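# Close look at the chain arrangement
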Amino acid sequence: MPRFRAILDTMPAYKPGKAVTSPDGRSYKLSSNESPYDPLPSVVEAIAEGAGQVNRYPDPAAVKLTEAIAERHGVPFGHVALGPGSVTVAQELFATVGEPGAEVVYAWRSFEAYPLLADLAGVRSVRVPLKGEDHDLDAMAEAITGRTRMVFVCNPNNPTSTAIRTRQLVAFLDRVPEDVLVVLDEAYREYVRDADVPDGLTLYRDRPNVCVLRTFSKAYGLAGLRVGYLIGHEPVAAAVRKVIVPFAVNHLAQVAAIASLEAEAELMERVETVVKERSRVREALIAQGWEVPPTEANFVWLRLGERTMDFAAACAASGVAVRPFAGEGARVSIGAPEENDAFLEAAQRFMAGSASG
Ligand SMILES: *Cc1c(COP(=O)(O)O)cnc(C)c1O
């Protein structure tokens, strides 16, 4: 047997959202926060055209896409670094700052990739418990030590859906030492509607130790193609570009992302529909008797505790896949109206069952 790294035995496995099918053949996937919409025809066309060139390696520097992103956000070209999904960009960040013995601070529960990536990099995870469903930024600031190299702030937070407000985040950033990299993971930024939830791209400008992660996987509907990016100051972006595996962002992902930026207005109309559905779903759940934290993302969070796995099983029996975290709660993506109706029906039935049983 080859000798493997000991950490592999203790690493948590990433549990992707699964699809389920009800006995009568219904299947609604509300477990991965994907866009419920098929790709736009213009995006499919760009991919089809790009398919004719896949005998060639992709542009290693993804110049056209990098330019499009820089222009879209009004940032310098050199502030953008791409990766095959923002999870991979996060992994690259660990490769840039994560010496063995270093520490990374993040809220818990938050995005489940953080502990995995930390373990892989040999970086010690310092998990700061949520306060209610929110980041406890004071406790996170206090958790920073001389060994801390990086802090993740997931805003809005996956899976609890809550968002940090401007005053709190600015006060936190002011407390973080300048040699500690703060990563604002904004995978759900396009779904934020509260004007007091800060845009990381505003906050990073005069803070060289702050960077922002964005992705084409959620609002832009390209989860299957894997493309995400970082925006940060030149040294941060350059460090990421240095550690990226050559040709990591494939040609089809590059052309599809460019086409998606060109079709942004259409895509943001879809996001608006999801946001409206989010309000409808949350209000309906509250009317059913559920406690649902305010959500600024394309999902809702139900803190079910010990009932979590029963709830997930009940939803699965109705053909609705949710994302359970055993003993804690379930995250449910906002889908198309029909999917949301199926979920609301399952939630209602579960609530009625718990009330009578
Ligand atoms: C979905 C998600 C991402 C995006 O991952 P990709 O690798 O870009 O698909 C990043 N961060 C968080 C918190 C997410 O929920």
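Please refer to the structure higher up on the page.
What counts and what doesn't
Residues numbered from 1 in each chain as written. Predicted model: local features only at pLDDT ≥ 70, side-chain atom pairs only at ≥ 80, totals over all residues. Heavy atoms only, no water. Helix = DSSP H or I, 4+ residues; strand = E, 2+ residues; numbered from the N terminus. Buried < 20%, exposed > 50% of the residue type's maximum accessible area, 1.4 Å probe, protein only. Contact = heavy atoms within 4.5 Å. Lys, Arg positive; Asp, Glu negative; His and termini not counted. Salt bridge = Lys/Arg side-chain N within 4 Å of Asp/Glu carboxyl O. Polar contact = N/O pair within 3.5 Å; in protein donor to acceptor, adjacent residues only side chain to side chain. Near = heavy atom within 4 Å. Areas by Shrake-Rupley, 256 points an atom, 1.4 Å probe, with all protein chains shown as cover. Nonpolar A, V, L, I, M, F, W, Y, C, P; charged D, E, K, R; others polar. Pairing = 2+ DSSP bridges. Axes fitted to C-alpha atoms, helices over the stretch in contact; angles between N-to-C directions. Core = buried A, V, L, I, M, F, W, Y, C linked by side-chain atoms within 4.5 Å. Arc of directions from axis to C-beta. Parallel < 35°, antiparallel > 145°, perpendicular 65-115°, else oblique.

## Points about the environment of Glu291
The residue Glu291 is located in the loop between α10 (264-288) and β9 (299-302) in this model. The exposure class of Glu291 is exposed, given its relative accessible area of 73%. The residues touching Glu291, leaving out its near neighbours within four places in the chain, are Trp301 and Leu302.

## As for the environment of Ala314
Mapped onto the fold, Ala314 is located in helix α11 (residues 308-317). Residue Ala314 is classed as partly exposed on the basis of its relative accessible area of 27%. Each C-alpha atom of the pair Ala314 and Phe350 lies 6.9 Å from the other, and the pair is 36 residues apart in sequence.

## Comments concerning the side chain of Glu296
Position of Glu296 among the secondary structure elements: in the loop between α10 and β9. The side chain of Glu296 sits in the buried core without any salt bridge; Arg278 is the nearest counter-charge, 4.2 Å away. Of note is the side chain of Glu296, whose polar atom sits 2.7 Å from the backbone nitrogen of Arg193. Among the polar contacts listed, one links the side chain of Glu296 to the backbone nitrogen of Asp194, at a separation of 3.1 Å. Residue contacts for Glu296: discarding those within four places in its chain leaves Pro156, Ser161, Ala163, Tyr188, Tyr191, Val192, Arg193, Asp194, Val197 and Arg278.

## Details of the pattern of salt bridges
Counted by the stated rule, this structure contains 20 salt bridges. Where Arg72 meets Glu264, a salt bridge forms, and the shortest distance between an N and an O atom there is 2.6 Å. Of the two residues, Arg72 sits in helix α2 (residues 63-73) while Glu264 sits in helix α10, which places them 192 residues apart along the sequence. Residue Arg72 is classed as partly exposed on the basis of its relative accessible area of 39%. Accessibility expressed as a relative area gives 13% for Glu264, which makes it buried. Two residues, Arg175 and Asp138, come together in a salt bridge whose shortest N-O distance is 3.2 Å. Here Arg175, found in helix α6 (residues 166-175), pairs with Asp138, found in helix α5 (residues 137-143); they are 37 residues apart in sequence, far enough to count as distant. You can call Arg175 partly exposed: its relative accessible area is 44%. Given the relative accessible area of 46%, Asp138 is considered partly exposed. A single network of salt bridges, built from pairs that share partners, joins Glu103, Arg124 and Arg147.

## Regarding the site of the ligand
Near the ligand you find 13 residues, and of these Ser86, Tyr188, Thr215, Ser217 and Lys218 are the closest. Within the side chain of Asn158, a nitrogen or oxygen atom sits 2.8 Å from an oxygen atom of the ligand. With respect to the ligand, the side chain of Tyr188 contributes an N or O atom lying 2.6 Å from an oxygen atom. Contact with the protein chains removes 94% of the 390 Å² of surface that the ligand exposes when unbound. Partitioning the shell around the ligand into residue classes produces 5 nonpolar, 5 polar and 3 charged.

## Re the sheet that holds β9
With antiparallel pairing, 3 strands are arranged side by side in an open sheet as β9-β12-β11. Whereas interior strands pair on both sides, the edge strands pair on one side only; in this sheet they are β9 and β11 (323-325). The average angle at which neighbouring strand axes cross in this sheet is 15°, direction not considered. Sheet topology places β9 next to strand β12 (residues 329-333); 4 bridges connect them, and they run antiparallel. When the sheet's bridge partners are listed, Val300 is paired in β12 with Val332. Relative to β11, α11 is tilted by about 165°, and along the sheet it contacts β9, β11 and β12.

## Re the nonpolar core
Residues Phe172, Phe216, Leu285, Trp290, Phe311 and Phe343 are the most contacted members of the largest nonpolar core, which totals 84 residues. Element by element, the count of residues in this core is highest for helix α12 (residues 337-356), at 7 residues.

## So, α6
Among the residues of α6, Leu169, Phe172 and Leu173 are the ones counted as buried. An end-on view of α6 places all buried positions within 100° of arc, on one side of the element. Among the exposed residues of α6, those oriented more than 90 degrees off its buried face are Arg167 and Asp174. Against α5, β5 (148-154), β6 (181-185), α7 (200-203) and β7 (210-215) lie the buried residues of α6.

## A closer look at the packing of helix α3 (residues 86-97) against helix α8 (residues 234-243)
Each pair of packed helices gets described by two things: the angle between the helix axes and the distance between those axes. Where α3 meets α8, the axes come as close as 9 Å, and the angle between the chain directions of the two elements is 100°. In this view, α3 runs roughly perpendicular relative to α8, as classed from their interaxial angle. Listed contacts from α8 to Val89, Glu92, Leu93, Ala95 and Thr96 of α3 are Val236, Ala239, Val240 and Val243. Looking at the contact of α3 with α8 residue by residue, the classes come out as 7 nonpolar, 1 polar and 1 charged.

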